[in-house]
Amino acid sequence: MEIRNIAIIAHVDHGKTTLVDKILHATKVFRDNQETGELIMDSNDLEKERGITIFSKNASVVYKGVKINVIDTPGHADFGGEVERVLKMADSVLLLVDAFEGPMPQTRFVLQKALHLGLKPMVIINKVDKPNCRPEEVHEAVFELFFNLDATEAQLDFPTFYGSGKNGWFNDSLTPTTDIFPLLDGILKYVPAPVVQEGPTQMQITSLDYSSFLGRIAVGKVARGTIREGQNIVLMQADGSVKKSRVKELYVFESLGKKKATEVFCGDICAVVGLENFNIGDTICDPETPEALPLISVDEPTMSMMFSINNSPFFGKDGKFVTSRHLRDRLMKETEKNLALRVEDTGSADSFLVFGRGILHLGILIETMRREGYELTVGQPQVIVKEIGGKKSEPFEILVVDVPDAFSGKVIDMVTRRKGELLVMETKGDMQHLEFEIPSRGLIGLRSSMLTNTAGEAVMAHRFLEYKPWKGPIPARSNGVLIAKNQATTTGYSIDKLQDRGSFFVDPGEDVYVGQIIAEHIKPGDLIVNATEGKQLTNMRASGSDDSVRIIPKIQMTLEECMEYIQQDECIEVTPKIIRLRKTILDEDTRKKYQKMLKTEEVS
């Protein structure tokens, strides 16, 4: 059977997963009366809740007797590691671009990776049913992007399709049709068949799958020869070691699942069961001629966070896994499949330094862990600083903001205060398109304040640019916090009296402990308050008059917002049921001594 391997790449929300839905429906993967819902490939709970793709996934369809392996990839820059690794399995990429927004930062990032690997792209301009869309201008912008990324002559001669994934049509012109068959015909016509190389077996592991029944499964594309069930093989590992092994079972992808196979030929994507202790990037070879394929290179992480065990007074109330051994094993397991993540031990046995691509990347890891029953505390995200040419250097990013005209001044002011520089300012319809160069530090906490100041209208995206000399201090959160004075349950009576001091993160009736952050102070500087005092009931004070207390509901913050909110001496306690903000050092006297010590160190 003929094969085509395609990866679908694009910026966030440009319609990758919706396009996969349409391909699955058009090729009759489901019965006509089957309820499938939307965004079929986003199968993980977190993906469904957030409406984003986090893990790349494979599906396979048959059209006109040709097998098409489709790989759906994430669009967020934080999950770039997923995209970099799966592009190795593809022979061509479908680059999706929004007909209104045009090429965005992540479009550039993923396209650059694809062009470097020598893949020939097909361009799809999606969402042409949107008001104010400008498909012809976007087509020119895409061509310009290819040119700027040093595409070859063959790559510049890309076919373009137009359509609307939501309305279920794609065509090679702007004439609407009733289906997506013109696009599928285009895939058969323009996507090259995989190059078949005869010779001894060679296959690189580019992805991991896990089944509770079969254990860890290696996924990759057969680069040379064939691979058979029961075959003796060797595993060439990244550190140069060679391990003998045997293929117990082989599977190929069919529709959304896998089908058992006895032999897989060069160019097809398959899953191998029975290998032990393998990692992504290892090569499966013939024992007679062991040759390793070049390793998969993934961009370096730019941010780090301290993960520690939960040492608050409420330790172990909610979680199943609370010890440092549990935490270490889970983080090490994550690095096997999450290539852009690094974990380092620290001087303390209870803490680990975790490096990732950004706040979302690390936030998803923490969220996944708390759902599995882990309890931990995480510190403030820090950027990774390097010494380059004798100068202290930090990562810089390109930040793109699309915002209504009325708010553009506010956005420019906010970004320049955080040491950002305006590079581009263009008008797109009634929106302003702004591009900045900003230190990665400046992005921490920017999203929430930008959405507040633009009434939720700003759309921002960023991608890593390069390391540049350190820009100096960036102003952080200006307000202090209110800290709980004792361990007890909060009362409406106390919170009511303290409401003019700040905005609360807790409701009456919640348990708090010494050193827990319970509110944001209206002024700079921290304040220790008693929010647990009950009302003294005497003949003069009737208990019934408590009804007149009017308490503003607490501020609900997501995990990412908490990560952006905390300062250096604060951390987040994460348990399966609750997220609390707290001071790293809970005891007030110890905290003051520590701060004094830091100040004397700075002076000396």
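As a starting point, this report considers the structure included with it. Note that the structure is a prediction, hence the values are computed from the model and not measured.

**A closer look at a nonpolar patch on the surface**
Line of reasoning, step 1. There is a patch of nonpolar side chains on the surface, built from Tyr-594, Met-597 and Leu-598 and spanning about 260 Å² of accessible area.
Line of reasoning, step 2. Mapped onto the fold, Met-597 is located in helix α15 (residues 588-603).
Line of reasoning, step 3. Among the residues examined, Met-597 registers a relative accessible area of 41% and is labelled partly exposed.

**As for helix α8 (residues 324-337)**
Line of reasoning, step 1. Among all positions in α8, only Leu-327, Arg-330, Leu-331 and Glu-334 are buried. The buried side chains of α8 occupy one side of the element, clustering within an arc of 95° when seen end-on.
Line of reasoning, step 2. Those residues of α8 hidden inside the fold are in contact with β18 (303-308), β19 (342-345), β20 (351-356), α9 (359-371) and β21 (376-378).

**Considerations on the environment of Gln-595**
Line of reasoning, step 1. The topology assignment puts Gln-595 in helix α15.
Line of reasoning, step 2. A relative accessible area of 34% means that Gln-595 is categorised as partly exposed.
Line of reasoning, step 3. Along the chain, Gln-595 and Asp-569 lie 26 residues apart, while their C-alpha atoms are 9.2 Å from each other.
Line of reasoning, step 4. At 3.5 Å, the side chain of Gln-595 and the side chain of Asp-569 are in polar contact.

**Here's the deal with the packing of aromatic side chains**
Line of reasoning, step 1. Taken as a whole and judged by the stated rule, the model has eight aromatic pairs.
Line of reasoning, step 2. Seen from their ring centres, Phe-314 and Tyr-513 are 5.1 Å apart, and the 85° between their planes marks the pair as edge-to-face. Of this pair, Phe-314 sits in the loop between β18 and α8 while Tyr-513 is found in the loop between β31 (511-512) and β32 (517-521), placing the two residues 199 residues apart along the sequence. Across the pair, exposure class does not vary: Phe-314 and Tyr-513 are buried alike.
Line of reasoning, step 3. Measuring from ring centre to ring centre gives 5.7 Å for Phe-505 and Tyr-565, while their planes differ by 85°; the resulting arrangement is edge-to-face.

**Focus: the sheet that holds strand β3 (residues 66-72)**
Line of reasoning, step 1. An order of β2-β3-β1-β4-β5-β6-β7 is seen for the seven strands of this open sheet, with the pairing classed as mixed. Two strands in the sheet have a free side with no partner beyond their single neighbour: β2 (57-63) and β7 (169-171). With strand direction ignored, the average angle separating the axes of adjacent strands in the sheet is 25°.
Line of reasoning, step 2. Bridging between strand β4 (residues 92-98) and strand β5 (residues 120-126) involves seven bridges; their strand directions are parallel. Its bridge partner being in β5, Ser-92 is matched across the sheet by Lys-120.
Line of reasoning, step 3. Helix-sheet contacts for helix α4 (residues 105-116) involve β1 (2-10), β4 and β5, and the interaxial angle to β1 is about 145°.
Line of reasoning, step 4. Lying on the sheet, helix α7 (residues 181-190) is in contact with β1, β2, β3, β4, β5, β6 (160-164) and β7; it crosses β5 at an angle near 170°.

**A closer look at the environment of Ala-59**
Line of reasoning, step 1. With respect to the helices and strands, Ala-59 occurs in strand β2.
Line of reasoning, step 2. Taking relative accessible area as the criterion, Ala-59 reaches 2% and is therefore assigned buried.
Line of reasoning, step 3. Separated by 35 residues in sequence, Ala-59 and Leu-24 have C-alpha atoms that sit 8.5 Å apart.

**Some remarks on the sheet that holds strand β17 (residues 283-285)**
Line of reasoning, step 1. Within the open sheet, the eight strands sit side by side as β12-β11-β17-β8-β9-β16-β13-β14. Their pairing is antiparallel. Lying at the two open borders of the sheet, with one neighbouring strand each, are β12 (242-246) and β14 (257-261). On average, each strand axis in the sheet is tilted by 40° relative to the strand beside it, whichever way the strands run.
Line of reasoning, step 2. Looking at chain direction, strand β8 (residues 202-211) and β17 are connected through three bridges and run antiparallel. Paired with Gln-202 across the bridge in β17 is Cys-285.

**Concerning helix α5 (residues 135-148)**
Line of reasoning, step 1. Taking 1.5 Å of rise per residue, 14 residues should cover 20 Å, and α5 covers 20 Å from first to last C-alpha, within 8% of that figure.
Line of reasoning, step 2. Within α5 the residues assigned to the buried category are Pro-135, Val-138, Val-142, Leu-145 and Phe-146. Here the buried residues of α5 occupy an arc of 100° about the axis, which is enough to place them on one side. Exposed residues pointing more than 90 degrees away from the buried face of α5 are listed as Glu-140, Glu-144 and Phe-147.
Line of reasoning, step 3. In the core, the buried residues of α5 are packed alongside β4, α4, β5, α6 (153-156) and β6.
Line of reasoning, step 4. Asp-150, located one to two residues past α5, shows a positive phi value of around 55°.

**Describing the packing of α8 against α9**
Line of reasoning, step 1. Where α8 meets α9, the axes come as close as 12 Å, and the angle between the chain directions of the two elements is 130°. Between α8 and α9, the crossing angle belongs to the class labelled oblique. The element α8 and its partner α9 pack so that their crossing is right-handed. Here Leu-327, Arg-330, Leu-331 and Glu-334 of α8 lie close against α9, whose contacting residues are Leu-365, Thr-368 and Met-369.
Line of reasoning, step 2. The residue inventory of the contact of α8 with α9, partitioned by class, reads four nonpolar, one polar and two charged.

**As for the side chain of Glu-394**
Line of reasoning, step 1. Considering the arrangement of structural elements, one finds Glu-394 in strand β24 (residues 391-404).
Line of reasoning, step 2. A distance of 2.6 Å separates the side chain of Glu-394 from the side chain of Arg-441, its partner in a polar contact.
Line of reasoning, step 3. Ignoring anything within four residues of it in the chain, the contact list for Glu-394 reads Val-383, Ile-384, Pro-439, Arg-441, Glu-466, Tyr-467, Lys-468, Pro-469, Trp-470 and Lys-471.

Quick notes on the rules
Residues numbered from 1 in each chain as written. Predicted model: local features only at pLDDT ≥ 70, side-chain atom pairs only at ≥ 80, totals over all residues. Heavy atoms only, no water. Patch = residues over 30% accessible without salt bridge, like charges linked within 9 Å, V, L, I, M, F, W, Y side chains within 5 Å. Areas by Shrake-Rupley, 256 points an atom, 1.4 Å probe, with all protein chains shown as cover. Salt bridge = Lys/Arg side-chain N within 4 Å of Asp/Glu carboxyl O. Helix = DSSP H or I, 4+ residues; strand = E, 2+ residues; numbered from the N terminus. Buried < 20%, exposed > 50% of the residue type's maximum accessible area, 1.4 Å probe, protein only. Arc of directions from axis to C-beta. Contact = heavy atoms within 4.5 Å. Polar contact = N/O pair within 3.5 Å; in protein donor to acceptor, adjacent residues only side chain to side chain. Phe/Tyr/Trp six-rings, centres within 6.5 Å; stacked < 30°, edge-to-face > 60°. Pairing = 2+ DSSP bridges. Axes fitted to C-alpha atoms, helices over the stretch in contact; angles between N-to-C directions. Expected span 1.5 Å × (residues − 1). Parallel < 35°, antiparallel > 145°, perpendicular 65-115°, else oblique. Left-handed = near helix turned anticlockwise from the far one by under 90°. Nonpolar A, V, L, I, M, F, W, Y, C, P; charged D, E, K, R; others polar.

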